[in-house]
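Observations on the model geometry
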Amino acid sequence: MRRGSEGPPGGPELWAPELEWLCASRAPLRTLPYAMVDRRLIRKLREPEDARTSCWRRWQRRWRAAGRRLADAARRLSRGFGLWEGALYEIGGLYGSGIQSYFTFLRFLLLLNLLTLLPTAGFVLLPLTWLHRPDPGPALGLTALQCPDSQEPQSGIPKFHNQFWNVLTGRAFNNTYLFYGAYRAGPESRSGYSLRLAYLLSPLVCLLLCFCRTLHRMVKGLPQRLLLGQDYRVRLSAKLFSSWDFCIRVREAAIIKTHEISHALRMELDEDRRFLLSQQQSRTQRACRLLSYLRVNFLIILLVIGSIAAIFWATKYSQDNKEESLFVVLQYLPPGVIALVNFLGPQLFVILVQLEKYAPSTEVNLTLFWCVALKLASLGMFSFSLGQTVLCIGSNRSSCESYGYNACDYQCWENSVGEELYKLITFNFLLTVAFSFLVSLPRRLLVERFSGRFWNWLDREEFLVPKNVLDIVAGQTVTWMGLFYCPLLPLFNSIFLFLTFYIKKYTLMRNCRASTRLFRASSSTFFFQLMLLLGLLLAAVPLVYVVSSTHSSWDCGLFTNYSAPWQVVPELVALQLPLPAQQVLHYLGSHAFGFPLVILLSLMLTVCISQSQANARAIRRLRKQLVWQVREKWHLVEDLSRLLLEVDPGEAPGPESPLSRASRPRSFCPGFPCPGSPGPRSPQPGPSSVSRPLDVSNVSASSFRFLRSADP
């Protein structure tokens, strides 16, 4: 710090009390409104003369500052090498943050699938490559089983020589690690790595990781929303004068930033207009709106019920007629019906929800809710119909009574279920490709080539966020459902999501038109994560049922000799853990431990709820206090203007418009400080009031950077 420059006249005399007050104050240096050079000077002045900072403290301080700089540099570097950062910035600037939120959500799902692959690759595939894979044992003799129509047991899938159809149906990967049946292991022993336990726990660990990551992303913005409140709005003047980035030097970036500011202002004005219209509605209009809401939701519920019934009968017919000549068509009948339902459903939901005349953000969230509800109900009914056919849920067949599943038609039923889920996710991606290049692209070319009333009405396709979010949420739910039957299904889904990003970007940039109804990304991101959590719960329920209560196949897989896959856990506990550890585990699984745990969790939940309510009350008080302080400052400005008018009437400011005075908040307590506002500042302590004498004669005012910048 340079002290050679001379300060202004009277500088040391003017700033000596201020320096003494700063040295006597206990306020942290980071809260002081001074430059870093000035803060270092204040820190040196605060140190006692006889006790200087030790070398250890200085070394700690330097390493802490270096660590902060290194973390900031790493954060900037990670943002620079982030996946699709430039593309997301371009989409957000040209089409608004609402459509950008869809592509951000797609990137999040891609990273989530890669995270899901880590437990399976680390705990199952790598040990399997080190261990010797045992030869498959002799197939279970099912010839004595009385099958209908005197048929021999079949594998459930006819032989096809066309490799393309084998890839589409999953038969080409039957003997690979994509499906459950290819994993083999020898009998369990006291010493050795348990591949069965790793295979069993990997899907559960994957679901737990996905749940934690999704929950963290969902609640990340909640503290700010609670602090600002639901009705918080940034002033248009602040957005207008502080939105521009003056570091922009490229014309393309300036165009994107201009579009981004325009979208933000349009959203603000549209929300204000809708708020004023809702405040002006009469009771009759509100009653009519309620009746319209009930009528529209009743029609939507009927559509959902009809779609679920169609999926149930399509799945049942496909499984009951596997030996027909049109086998490939029948194999893709359930995915085809599900795709048709998911294509027509969002279109009808958009039309019906628009009749209720909600705000764009609410409209998108409601449409997305009904679309995801339809998709999850469809997947739930598909799983139930598969359970009826494969696991004989609700039926009494001889093979089910003897073996726990339909052994006549499915010798390896896990592979059959895995193939159905593989077909679902593959068909979903193929539909995305076909719709982008066989529907959207020709529609755009025809609209650009021809002119007329019909072509003007047709126009380009509008990018519907609910429908696109529905597709990727459905694909992710299917991926989670297949973690036990297809351990490598997240790898396929990652590839599909990576390609989907570029396909959807091309469709948005080239084939779609900008939507006239903009919505905020913050209002939809939370809802996207909530729908994803619902899909995770839907995938976890059948997985837990299969792991705990369903008999494994007798002819393939790791659990051929177990009544249920979970039975390997008690066996390993008895083999590899000592008796005290077994007793501890048995106690943890007993009711004697469960009931106190439930009571403790209830008490913790009560404490958390009470704390959150207290925080909410404190936030409301702080918000009121902030309003009072703003009003008090307005009152001080008015007093200052009046005093200036009394001192120099000839230089009085111009007349104030009544509109600006009417729009200004008035003070509740003119002439006195408002409740909750800080009182008048206490006089700065002199040399006699500080704890130690301070010699500031050698400290010139020019040592401070802001004073040096003010020198002529």
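Structure report, in brief. (Residues numbered from 1 in each chain as written. Predicted model: local features only at pLDDT ≥ 70, side-chain atom pairs only at ≥ 80, totals over all residues. Heavy atoms only, no water.)

**What about the state of the cysteines?**
Note on terminology: a disulfide is the covalent bond linking the sulfur atoms of two cysteines. Our working definition: Count a disulfide wherever a pair of cysteine sulfur atoms falls within 2.5 Å. The helix and strand labels rest on DSSP assignments: H or I over at least four residues marks a helix, E over at least two residues marks a strand, and numbering proceeds from the N terminus. Here's how the labels work: a residue is buried when its accessible area is under 20% of the maximum for its type, exposed when over 50%, partly exposed in between, all with a 1.4 Å probe on protein chains only.
Counted by the stated rule, this structure contains one disulfide. Paired through a disulfide, Cys412 and Cys556 show a sulfur-sulfur distance of 1.9 Å. The S-S bond linking Cys412 to Cys556 shows a torsion near 90 degrees; that makes this disulfide right-handed. Of the two residues, Cys412 sits in the loop between helix 15 (398-403) and helix 16 (413-449) while Cys556 sits in the loop between helix 20 (522-549) and helix 21 (568-576), which places them 144 residues apart along the sequence. The exposure class assigned to Cys412 is buried, which follows from its relative accessible area of 15%.

**Examining unusual backbone geometry**
One non-glycine residue, Trp84, adopts positive backbone phi at about 65 degrees. With a relative accessible area of 8%, Trp84 lands in the buried category. Phi is positive for Asp459, close to 55 degrees, though the residue is something other than glycine. Tracing the backbone through its elements, the reader meets Asp459 in the loop between helix 17 (453-458) and strand 1 (461-462).

**Observations regarding a nonpolar patch on the surface**
Quick note on the threshold: Patch membership needs two things, relative accessible area over 30% and no salt bridge, and members are linked within 9 Å if like-charged or within 5 Å if nonpolar (Val, Leu, Ile, Met, Phe, Trp, Tyr). Note on areas: Shrake-Rupley, 1.4 Å probe, and residue coverage restricted to the protein chains presented here. A carboxyl oxygen of Asp or Glu within 4 Å of a side-chain nitrogen of Lys or Arg is what we treat as a salt bridge.
A contiguous nonpolar surface patch, about 660 Å² in accessible area, is contributed by Leu83, Leu111, Leu114, Leu491, Ile495, Phe498, Leu499 and Tyr502. For the nonpolar patch, the elements supplying multiple residues, two or more each, are helix 5 (97-130) and helix 19 (489-511). Within the fold, Ile495 resides in helix 19.

**Quick notes on the packing of aromatic side chains**
What counts, and what does not: Here is the rule: rings of Phe, Tyr and Trp (six-membered ring for Trp) pair when centre to centre is within 6.5 Å. Planes less than 30 degrees apart are stacked, more than 60 are edge-to-face, and the remainder are tilted. Over a ring means this: the NZ of a Lys or the CZ of an Arg is within 6 Å of the ring centre and within 35 degrees of the ring normal.
In the structure shown here, the tally under the stated rule is 35 aromatic pairs. An angle of 55 degrees between the planes, with centres 5.6 Å apart, marks the rings of Trp59 and Trp63 as tilted. Of this pair, Trp59 and Trp63 both sit in helix 3 (residues 55-80), separated by four residues, roughly a single helical turn. The exposure class assigned to Trp63 is exposed, which follows from its relative accessible area of 54%. Measuring from centroid to centroid gives 5.1 Å for Phe454 and Trp455, while their planes differ by 75 degrees, and the two rings are edge-to-face. Looking at Trp455, the relative accessible area reads 22%, which means it is partly exposed. Here the aromatic cluster, defined as three or more aromatic residues joined through ring pairs, consists of Tyr177, Tyr180, Tyr183, Tyr199, Trp413, Phe484, Tyr485, Phe559 and Tyr562. The ring of Phe108 carries the charged tip of Arg217 above its face, separated from the ring centre by 4.6 Å. The ring of Phe450 has Arg449 lying over it, and the distance from NZ or CZ to the ring centre is 5.4 Å.

**Some points on the pattern of salt bridges**
Enumeration according to the criterion identifies seven salt bridges in this entry. With a closest N to O distance of 3.1 Å, Arg107 and Glu85 form a salt bridge. Residue Arg107 is located in helix 5, and its partner Glu85 is located in helix 4 (residues 85-95); the two are separated by 22 residues in the primary sequence. Linking Arg642 and Asp639 is a salt bridge whose minimum nitrogen-to-oxygen distance equals 2.6 Å. Here Arg642 and its partner Asp639 are both found in helix 23 (residues 591-647), three residues apart, which amounts to about one turn of the helix. Here Arg642 falls in the partly exposed class, since its relative accessible area comes to 45%. The network of salt bridges with shared partners includes Arg444, Glu448 and Arg460.

**Thoughts on the nonpolar core**
Spelled out, the test is: The set of buried Ala, Val, Leu, Ile, Met, Phe, Trp, Tyr and Cys residues whose side-chain atoms join them within 4.5 Å is what this entry labels a nonpolar core. Residue contacts are defined here by distance: any two heavy atoms, one from each residue, within 4.5 Å place the two residues in contact.
Counting residues in hydrophobic clusters, the biggest one holds 102 residues, and the most contacted among them are Phe103, Phe105, Trp413, Trp480, Phe484 and Phe559. When neighbours within four sequence positions are excluded, Phe484 is seen to be in contact with Tyr180, Tyr199, Pro203, Glu414, Leu543, Val546, Val547, Phe559 and Pro565.

**Topic: a positive patch on the surface**
Put simply, the rule reads: When charges are counted, Lys and Arg are positive and Asp and Glu negative, with His and the chain ends excluded. Throughout, a charge is located at the NZ atom of Lys, the CZ atom of Arg, the CG atom of Asp or the CD atom of Glu.
A grouping of Arg30, Arg40, Lys44, Arg57, Arg64, Arg68 and Arg69 is seen on the molecular surface, where their side chains present a positively charged patch. Within the residue set of the positive patch, elements represented by two or more residues are helix 2 (36-46) and helix 3. For the positive patch, the element with the most residues is helix 3, which contributes four residues. By the element assignment, Arg40 lies in helix 2.

**Some words on the environment of Asn468**
Assignment of secondary structure puts Asn468 in helix 18 (residues 465-481). Put simply, Asn468 and Lys504 are 36 residues apart on the chain and 8.9 Å apart in space, counted from C-alpha to C-alpha. Apart from the residues lying within four places of it in its own chain, the contact partners of Asn468 are Tyr102, Phe463 and Lys504.

So, to be careful, I would describe these as geometric facts and stop short of saying anything about function.
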